[in-house]
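Observations on the model geometry
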Amino acid sequence: MPTLLWFRRDLRLGDHPALAAAADGGEVLACFVLDPRLEASSGRRRLQFLGDALRRLSDDLDGRLLVTRGRPEDRIPRLVKEIDATAVHVSEDFAPFGRRRDQRVRAALDPVPLVATGSPYLVSPGRVGKPDGSPYRVFTPFFRRWRDVGWREPARSGADSARWIDPAPLRAGQCEIPDPGTELDLAAGERAALGAWEAFVDTGLPHYARDRNRPDLEATSRMSAHLKFGTIHPRTLAAGLDLRDGGAQAYLRQLAFRDFYADVLYHWPASARRNWNPDFDGIRTDGGAEAQRRFEAWKTGRTGFPFVDAGMRQLRETGFLHNRLRMVVASFLVKDLHLPWQWGAAWFLDQLVDGDMANNQHGWQWSAGCGTDAAPYFRVFNPGKQGEKFDPGGDYIRRWVLELAGADDVHLRKGERPQGYPEPIVDHDAERAEALRRYRDLG
Ligand SMILES: Cc1cc2nc3c(=O)[nH]c(=O)nc-3n(C[C@H](O)[C@H](O)[C@H](O)COP(=O)(O)OP(=O)(O)OC[C@H]3O[C@@H](n4cnc5c(N)ncnc54)[C@H](O)[C@@H]3O)c2cc1C
């Protein structure tokens, strides 16, 4: 009997447990539903990456991928009816939007089952709990338990696992795959993900533990967008790690962070928008015209702090930002400019190719001090010192801040600014003191 395989954040054919489950039943129709609500909130770069990944997936299926636009609770039951499917197979989505959507689809499908097999994580949210069953609020004990829970070997699946139904004769409305015409510095699709991962294992992983904080070196894996859209599964990455090696251990820890934030968002869905720690609800933030002017300077990389500006310009030009810079520019927005973390998080989601609710909202809350396991509020990054430490030769700043491309003193230690480069919009020491005052006012 035919089944439907509904792709979402799992745009690959290898290591795909839901595909393996769907293929068990016989013929399979592969489909993707472009939900207009997600299209509207995607940011043009994420939409481009999604479109590119769908084109690659369709190629890998010899064109037998049906892409349709509409509300999933309408489109999926309609497709089921048309091919007389006995079940709809998915990889489970644990984010608040996806859970609500799946509840609606499940209700609309009844009695045809929506079968969830596997998820985008090594260990799915909800599976790592304290002995009393409550969720972890701190990463390190989560990490220990997470390793004990463990995960399976990569699933055996591929294009030839199923007999794919040709969608061409179906009446269900097919639509064009989005192609907003935005240039990306990262190739999408399963083959690109596997190729980039293999190259990283050979050249980057051996130095990852030492260099992963250095934005001037290309020392990280750039797997984040692939993980976001599931063009590769973290199990495939973990299977390639030799855990006797320090680089591999450090890398696995980062994958655990990804699972941790997904787990936190699963247990506290309201933390997608609100402070995870309500003690911070009373913190004073700035508003009005001056706050907006500073926010614009931050977004456009014209704060007068070279390391911050380099990061914000890279983000705006490419849609990617190194983790160290994400932490530095987030700290600057919250503790030097006194703006709500939600403003910065929204700008990141608009710009990032890898924009992800769990990692982004909780990365921001970590920086703002109001999240789980957060950086203590009183620890304020000094943007100048961060630049000197993590971009010691200044190559990263020179690359993104053109006014400083020819400068010897890119960190502006001597205070002489090349023509055209802005004066600092705030005095860091004074704003640090102001941030600490506001923190103390919380009582
Ligand atoms: C304010 C802020 C916002 C962030 N927003 C996002 C986001 O929207 N999407 C996103 O994927 N990551 C986000 N991160 C986490 C991290 O910065 C990126 O995952 C990482 O920079 C991606 O580059 P990479 O793949 O080369 O990382 P690598 O160093 O190669 O890490 C490998 C993988 O581990 C995971 N990972 C690494 N660091 C973290 C982390 N701190 N938290 C959670 N997972 C991590 C990612 O999936 C990453 O692809 C954010 C961090 C901060 C501080």
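Residues numbered from 1 in each chain as written. Predicted model: local features only at pLDDT ≥ 70, side-chain atom pairs only at ≥ 80, totals over all residues. Heavy atoms only, no water.

A few points about the overall build of the protein chain
A count of helical and extended segments in the protein chain gives 19 helices and 6 strands. Across the 443 residues in the protein chain, those meeting the buried criterion constitute 56%. Here the analysis covers contacts within the protein chain between residues at least 6 apart in sequence; of these, 79% occur between residues at least 24 apart. Total accessible area on the protein chain stands at roughly 19600 Å², and carbon and sulfur atoms take up 47% of it. For the protein chain, the centre of its 64 positive side-chain charges and the centre of its 62 negative side-chain charges are spaced 4 Å apart. (Helix = DSSP H or I, 4+ residues; strand = E, 2+ residues; numbered from the N terminus. Buried < 20%, exposed > 50% of the residue type's maximum accessible area, 1.4 Å probe, protein only. Contact = heavy atoms within 4.5 Å. Areas by Shrake-Rupley, 256 points an atom, 1.4 Å probe, with all protein chains shown as cover. Lys, Arg positive; Asp, Glu negative; His and termini not counted. Charge placed at Lys NZ, Arg CZ, Asp CG, Glu CD.)

Focus on the domain arrangement of the protein chain
The domain boundaries assigned to the protein chain delineate domain 1 (3-118), domain 2 (121-154 + 191-267) and domain 3 (278-441). Between domain 1 and domain 3, the contact holds 7 residues from the first and 13 residues from the second. When domain 1 packs against domain 3, the two sides together hide about 650 Å² of surface, and 40% of this comes from carbon and sulfur. In this structure, the connection of domain 1 to domain 3 is made through 1 salt bridge. A salt bridge links aspartate 356 to arginine 9; the shortest N-O distance between them is 3.5 Å. The tally of links between domain 1 and domain 3 comes to 5 residue pairs in polar contact (both at pLDDT 80 or more). Here the side of domain 1 that touches domain 3 is composed, by residue class, of 1 nonpolar, 2 polar and 4 charged. (Domains from an automatic or database assignment. Buried area = accessible area lost by both parts, 1.4 Å probe. Salt bridge = Lys/Arg side-chain N within 4 Å of Asp/Glu carboxyl O. Polar contact = N/O pair within 3.5 Å; in protein donor to acceptor, adjacent residues only side chain to side chain. Nonpolar A, V, L, I, M, F, W, Y, C, P; charged D, E, K, R; others polar.)

A look at the pattern of salt bridges
Applying the stated criterion across every chain yields a total of 31 salt bridges. Residue arginine 64 is joined to aspartate 62 by a salt bridge in which the shortest nitrogen-to-oxygen separation is 3.7 Å. The exposed category is assigned to aspartate 62, whose relative accessible area is 63%. Note that arginine 437 and glutamate 434 form a salt bridge whose closest N and O atoms lie 2.8 Å from each other.

A closer look at the packing of aromatic side chains
This structure, assessed with the given rule, holds 27 aromatic pairs. Seen from their ring centres, phenylalanine 200 and tyrosine 208 are 5.9 Å apart, and the 85° between their planes marks the pair as edge-to-face. The burial state of phenylalanine 200 is the same as that of tyrosine 208; both residues are buried. A network of ring pairs unites the aromatic residues Tyr136, Phe139, Phe142, Phe143, Trp146, Trp151, Phe257, Phe260 and Tyr261 as a single cluster. One residue, arginine 222, lies across the ring of phenylalanine 320, its end atom 3.8 Å from the ring centre. (Phe/Tyr/Trp six-rings, centres within 6.5 Å; stacked < 30°, edge-to-face > 60°. Lys NZ or Arg CZ within 6 Å of the ring centre and 35° of its normal.)

Quick look at the site of the ligand
The full set close to the ligand counts 27 residues, and Tyr208, Thr220, Ser221, Arg222 and Asn323 are the nearest of them. One nitrogen or oxygen atom from the main chain of methionine 223 is found 3.1 Å from an oxygen atom belonging to the ligand. A distance of 3.1 Å separates an oxygen atom of the ligand from a polar backbone atom of serine 224. Summarising the interface, the protein chains cover 95% of the accessible area of the ligand, which totals 820 Å² for the free molecule. Listing elements by their share of the shell around the ligand, those giving two or more residues are α9 (224-229), α11 (246-267), α14 (323-336) and α16 (357-368). Tallying contributions element by element places α11 first for the shell around the ligand, with 6 residues. (Near = heavy atom within 4 Å.)

Examining the nonpolar core
Grouped together as the largest cluster of nonpolar side chains are 43 residues, with contacts concentrated most on Trp298, Val308, Phe348, Trp364 and Leu404. Breaking this core down by element, the ones donating at least two residues are α12 (288-299), α13 (306-318), α14, α15 (341-351), α16 and α18 (395-400). Residues contacting tryptophan 298, with those up to four places away along its chain left out, are Thr303, Val308, Met312, Val329, Phe332, Leu333, Leu337, Gly344, Trp347, Phe348 and Trp364. Residues Val123, Phe139, Val264 and Leu265 belong to the second largest nonpolar core, which totals 32 residues. (Core = buried A, V, L, I, M, F, W, Y, C linked by side-chain atoms within 4.5 Å.)

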